[in-house]
Amino acid sequence: MRASLIQIGVYDDEGGESIDARRERVAALVREQAGADLVVLPELWTTGAFAYESFGTQAEPLQGPTYDAMAKAASDAGVWLHAGSIPERDPDGLLYNTSLVFSPSGELTASYRKIHRFGFDKGEAVLMSAGTDVVTVRLPSTMLGLATCYDLRFPELFRRLVDDGAETLVIPAGWPERRRSHWTLLARARAVENQSYVLACGTAGTHAGVPQAGHSIVVDPWGEVLAEAGPDEEVLTVEFDPGKVGVTRDQFPALKDRVL
């Protein structure tokens, strides 16, 4: 299986690209990945994960302009596309940090509203509502389990995903550079403890004054790093064998020894 993680550079908007221009640029990058089985984008790449003041003004309905652009890009490239996440405004006016997954025909196959919101008593934690559903997506060769950024710190979610059949954990993020060591450590931990692949795609650049970690990473079920990006915008492409999940779980059946 071939996966491409597009580590997008998201920069402070003053003098920079508009969201419409960024959508067009990202759609072009997705189309360039024709031949991949799965393409992954980061969290809140239209606005930036720390641009809290933009969440309300830039929020869009689930089937809004980002949905339309990414559905077409997935169809044009003929790839499964995890389109990262958007600030979604639902019909009741509530905001969510929502991920979208499209099939190679451009059909929306799943959406996931981020369960764990970051910020403690400010930012996303107070501006956005929490999702409640644990979401998996069946691809031809693997079952994806969906999580987003801060979710990475909560292993209970990933146990639920594994219980629901997940074999490849996909985690878009807008992770800050100052905690980059946690990003790598937690990605490897989630892979090892769940005997699953982890595909974690972050943003590059600086927005809202917060330097981003970059360093998107792909980890195998033994915790070995198969590929890791640098700090700048790039496309990280890796080939991996989804069958290794079953082999690992058979050879070292730790999951069967769970008590709690």
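Please read these numbers as outputs of a predicted model, since none were measured by experiment. (Residues numbered from 1 in each chain as written. Predicted model: local features only at pLDDT ≥ 70, side-chain atom pairs only at ≥ 80, totals over all residues. Heavy atoms only, no water.)

Draft legend 1. Layout of the sheet that holds strand E5 (residues 108–113). Strand order in this open sheet of six strands is E5-E4-E3-E2-E1-E14, and the pairing throughout is mixed. Each of the sheet's edge strands pairs with one partner strand only, and the pair in question is E5 and strand E14 (234–239). Neighbour-to-neighbour, the strand axes of the sheet open up by a mean angle of 25°, direction not taken into account. Two elements, strand E1 (residues 2–7) and E14, share six bridges in a ladder whose sense is antiparallel. Residue pairing in the sheet places Gln7 in a bridge with Glu234 of E14. Running over the sheet, helix H3 (residues 65–77) touches strand E3 (80–89), strand E4 (95–102) and E5 and is turned about 15° from E4. (Pairing = 2+ DSSP bridges. Helix = DSSP H or I, 4+ residues; strand = E, 2+ residues; numbered from the N terminus. Axes fitted to C-alpha atoms, helices over the stretch in contact; angles between N-to-C directions. Contact = heavy atoms within 4.5 Å.)

Draft legend 2. Layout of the packing of helix H1 (residues 19–31) against H3. Put simply, H1 and H3 touch, their axes get as near as 8 Å, and they point 20° apart. Overall, the two elements H1 and H3 adopt an arrangement that is roughly parallel. In the crossing of H1 with H3, the sense of the turn from one axis to the other is right-handed. Contact residues: H1 offers Arg23, Val26, Ala27, Val30 and Arg31, while H3 offers Pro65, Thr66, Ala69, Met70, Ala73, Ala74, Asp76 and Ala77. A breakdown of the residues in the contact of H1 with H3 according to their chemical character gives nine nonpolar, one polar and three charged. (Parallel < 35°, antiparallel > 145°, perpendicular 65-115°, else oblique. Left-handed = near helix turned anticlockwise from the far one by under 90°. Nonpolar A, V, L, I, M, F, W, Y, C, P; charged D, E, K, R; others polar.)

Draft legend 3. Just the sheet that holds strand E6 (residues 136–138), in detail. Strand order in the open sheet made by the six strands is E6-E7-E8-E9-E12-E13, with mixed pairing throughout. In this open sheet, the two strands that pair with only one neighbour each are E6 and strand E13 (225–228). Ignoring which end each strand starts from, the neighbouring axes of this sheet average 15° apart. With five bridges joining them, strand E8 (residues 168–172) and strand E9 (residues 197–201) adopt parallel strand pairing. Residue pairing in the sheet places Ile171 in a bridge with Ala200 of E9. Along the sheet, helix H6 (residues 180–194) contacts E8, E9, strand E12 (217–219) and E13; its crossing angle with E12, the most-contacted strand, is approximately 25°.

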